[in-house]
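Tertiary structure, described
Residues per chain, in single letters:
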Amino acid sequence: MAKGIELKGVSKVFRHTERGDVHAVKHLDLVVQPGELVTLLGPSGCGKTTALRIIAGFENPTSGRVIIGGADVTDSMPNKRNIGFVFQNYALFPHMNVFENVSYGLAIKGVSGAEKRERVAHVLDLVGLQGMEKRFPNQLSGGEQQRVALARVIVTEPAVLLLDEPLSNLDAKRRVQMRSEIRRLQRSLNMTSLYVTHDQEEALSISDRVVVMNSGEVEQEGTPQEIYARPASLFVADFIGKVNSLPAEVVRVAGDEAVVAFESVEFTVAKPKASITAGQQVSLLIRPEAIDLCDDLGEEDARAPRGRIAQVTYLGEKIEYDVESGGVVVKTVSFDPARRGVFEQNQNVYLRMQGGSMILVER
Ligand SMILES: Nc1ncnc2c1ncn2[C@@H]1O[C@H](COP(=O)(O)OP(=O)(O)O)[C@@H](O)[C@H]1O
Ligand SMILES: [Mg+2]
């Protein structure tokens, strides 16, 4: 039976380091439901590994509680927590072959003989390594080593799986392949998983829910779609994909909407939680793909900000345009340029965009 993970107000301070006291994790509240895959996403140094190590019991929290399957395990030893931990560097035993590496954890649990052989064969089959039992780690590619690391952990049928940047040592193509394999395995075995990465695309593609961390704290959590479409801050918007931040002024506020002007063109956007008032200088966040460029406006269009193409970057399936408008450089992207046509550098254009695609944040 899959078990859930819960962190209640977990903090970790590393005291007396060469940088003084380091607050690696600050009052972290986190729930991973049984069978769910949640990603901790954030830049290097934001406390992701520390959070995982606390759940695994490799590190004691300075305060807060760790609950697994409803039981408080904060004071339990790591080997009593029934947790599988997949490390960034695989941590395989170099002198053991694949079979020995994978069966190691079973042997420790007292599983032997035919049952051990069957369970190892089953997981090697699951991760696509059948027939490789006799190979040693140095005879395997990076991707195969990561599969062994995964097999070694799932063979013990842990209650929860923790993965710390498991794909960061693989090349881009393998990374994409392995992440969908991990997701497939995680789903089919219904394994509660907490997955750490600094790669936003990986997080969006693999997760039921994403928790974005910044300096030891949660910035935002939600489904991949929520995080991408409704980022709660410039930090989240910027970290997850590309985003423009347009300088704008609040014209008026009405109910849960605000009318905001950029380049003297008014847009109606959802009002943020923070209180804003007419005349206030704010930023409008908008994704590059939410802006359409055109060289003249149709009858049905309201007014649109004007701009000048400052740079054209041709990328085959898409073209990226940097457009100067309102004193800033606005990034836009046009997919399928062969059908849609190409704008030239220095060409004057209109930026067609909708208030519904914008997010108002305070400056
Ligand atoms: N054992 C330690 N001693 C002192 N500082 C540490 C230790 N482990 C991590 N830190 C610090 O805690 C912060 C968070 O680190 P970490 O959890 O490894 O971040 P991430 O995995 O997100 O890159 C960093 O500033 C890091 O330098
Ligand atoms: Mg880390």
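Residues numbered from 1 in each chain as written. Chains lettered and ligands numbered in written order. Predicted model: local features only at pLDDT ≥ 70, side-chain atom pairs only at ≥ 80, totals over all residues. Heavy atoms only, no water.

Further remarks concern the pattern of salt bridges. Considering all chains together, one arrives at 15 salt bridges under this definition. Among the salt bridges present, the one from Lys-242 reaches Glu-320, with a minimum N-O distance of 3.2 Å. Of the two residues, Lys-242 is situated in the loop between helix H8 (234–239) and strand S11 (244–254) and Glu-320 in strand S17 (residues 318–325); the sequence distance between them amounts to 78 residues. One connected set of salt bridges, linked through shared partners, spans Glu-36, Arg-209 and Glu-221. (Salt bridge = Lys/Arg side-chain N within 4 Å of Asp/Glu carboxyl O. Helix = DSSP H or I, 4+ residues; strand = E, 2+ residues; numbered from the N terminus.)

This part covers the site of ligand 1. The environment of ligand 1 is formed by 13 residues, the closest being Arg-19, Gly-45, Lys-48, Thr-49 and Thr-50. Gly-47 is positioned with one of its backbone polar atoms (N or O) 3.1 Å from an oxygen atom of ligand 1. Here Thr-50 contributes a side-chain N or O atom positioned 2.6 Å from an oxygen atom of ligand 1. Protein chains shield 66% of the accessible area of ligand 1, which is 560 Å² for the free molecule. Broken down by element, the shell around ligand 1 gets its largest block of residues, three residues, from helix H1 (residues 48–56). Residues belonging to the shell around ligand 1 are distributed by class as follows: five nonpolar, six polar and two charged. (Near = heavy atom within 4 Å. Polar contact = N/O pair within 3.5 Å; in protein donor to acceptor, adjacent residues only side chain to side chain. Areas by Shrake-Rupley, 256 points an atom, 1.4 Å probe, with all protein chains shown as cover. Nonpolar A, V, L, I, M, F, W, Y, C, P; charged D, E, K, R; others polar.)

On to the nonpolar core, then. If you look at the biggest cluster of nonpolar residues, it comprises 32 residues, and the most contacted ones within it are Val-102, Leu-124, Val-148, Leu-150, Leu-163, Ile-182 and Tyr-195. Breaking this core down by element, the ones donating at least two residues are helix H2 (98–108), helix H3 (113–126), helix H4 (142–154), strand S7 (160–164) and helix H5 (172–188). Broken down by element, this core gets its largest block of residues, six residues, from H4. Here Leu-124 is in contact with Val-98, Val-102, Leu-129, Gln-130, Glu-133 and Ala-151, once residues within four sequence places are set aside. (Core = buried A, V, L, I, M, F, W, Y, C linked by side-chain atoms within 4.5 Å. Buried < 20%, exposed > 50% of the residue type's maximum accessible area, 1.4 Å probe, protein only. Contact = heavy atoms within 4.5 Å.)

Looking at the chain, the domain boundaries give domain 1 (5–238) and domain 2 (243–362). Computed over C-alpha atoms, the centres of domain 1 and domain 2 are 39 Å apart. Residue-level contacts link nine residues of domain 1 with nine residues of domain 2. Across the domain 1/domain 2 interface, buried area totals approximately 740 Å², and carbon plus sulfur atoms make up 53% of it. Taken together, domain 1 and domain 2 are joined by zero salt bridges. Those elements giving two or more residues to the side of domain 1 that touches domain 2 turn out to be helix H7 (224–229) and H8. Partitioning the side of domain 1 that touches domain 2 into residue classes produces six nonpolar, one polar and two charged. (Domains from an automatic or database assignment. Buried area = accessible area lost by both parts, 1.4 Å probe.)

Glancing now at the packing of aromatic side chains. A complete count under the given rule lists six aromatic pairs for this structure. Both rings, one in Phe-58 and one in Phe-85, keep their centres 5.3 Å apart while their planes meet at 45 degrees; by these two values the pair is tilted. With Phe-58 in the loop between H1 and strand S4 (63–68) and Phe-85 in strand S6 (residues 83–86), the pair connects residues that are 27 residues apart, well separated along the chain. Aromatic pair Tyr-321 and Phe-343: ring centres 5.7 Å apart, planes at 70 degrees, arrangement edge-to-face. Taken together, the positions of Tyr-321 in strand S17 and Phe-343 in the loop between helix H9 (337–340) and strand S19 (348–352) put the pair 22 residues apart, joining distant regions of the chain. (Phe/Tyr/Trp six-rings, centres within 6.5 Å; stacked < 30°, edge-to-face > 60°.)

On the secondary structure map, Lys-12 appears in strand S1 (residues 5–17). The side chain of Lys-12 sits in the buried core without any salt bridge; Glu-59 is the nearest counter-charge, 4.2 Å away. If sequence neighbours within four positions are ignored, Lys-12 has contacts with Val-22, His-23, Ala-24, Val-25, Thr-50, Ile-54, Glu-59, Asn-60, Pro-61 and Thr-62. (Lys, Arg positive; Asp, Glu negative; His and termini not counted.)

With that settled, the discussion passes to H4. Note that an α-helix has 3.6 residues per turn; residues three or four places apart therefore point the same way. For H4, built from 13 residues, the straight-helix expectation of 18 Å at 1.5 Å per residue is met to within 8% by its first-to-last C-alpha distance of 19 Å. With respect to burial, H4 is a largely interior element, 11 of its 13 residues being buried. Within H4, burial applies to Gly-143, Gln-145, Gln-146, Arg-147, Val-148, Ala-149, Leu-150, Ala-151, Arg-152, Val-153 and Ile-154. Here the buried face of H4 lies against S6, H2, H3, S7 and H5. (Expected span 1.5 Å × (residues − 1).)

At Glu-165, a residue that is not glycine, the phi angle is positive and equals roughly 45 degrees. Among the structural elements, Glu-165 can be located in the loop between S7 and H5. Phi is positive for Asn-346, close to 75 degrees, though the residue is something other than glycine. Within the element layout of this structure, Asn-346 appears in the loop between H9 and S19. The partly exposed category is assigned to Asn-346, whose relative accessible area is 47%.

Moving on to the pairing of strand S18 (residues 328–335). Across eight bridges, the pairing between S17 and S18 is antiparallel. When the bridges of S18 are listed, Tyr-321 appears paired with Thr-332. Hairpin remark: S17 followed by S18, antiparallel, with two residues in the connecting loop; positive phi at Gly-326, about 55 degrees. (Pairing = 2+ DSSP bridges.)

One key point about sheets: their strands pair by backbone hydrogen bonds, in either a parallel or an antiparallel sense. The antiparallel open sheet is built from four strands, whose spatial order is S2-S1-S4-S5. The sheet is open, and its two edges are formed by strand S2 (20–32) and strand S5 (71–72), each paired on a single side. Inspection of the sheet shows S1 paired to S4 by five bridges, in the antiparallel sense. Within S4, the position partnered with Lys-8 by the bridge is Arg-65. Contacts from H1 reach S1, S2 and S4, with the element oriented near 115 degrees to S1. (Axes fitted to C-alpha atoms, helices over the stretch in contact; angles between N-to-C directions.)

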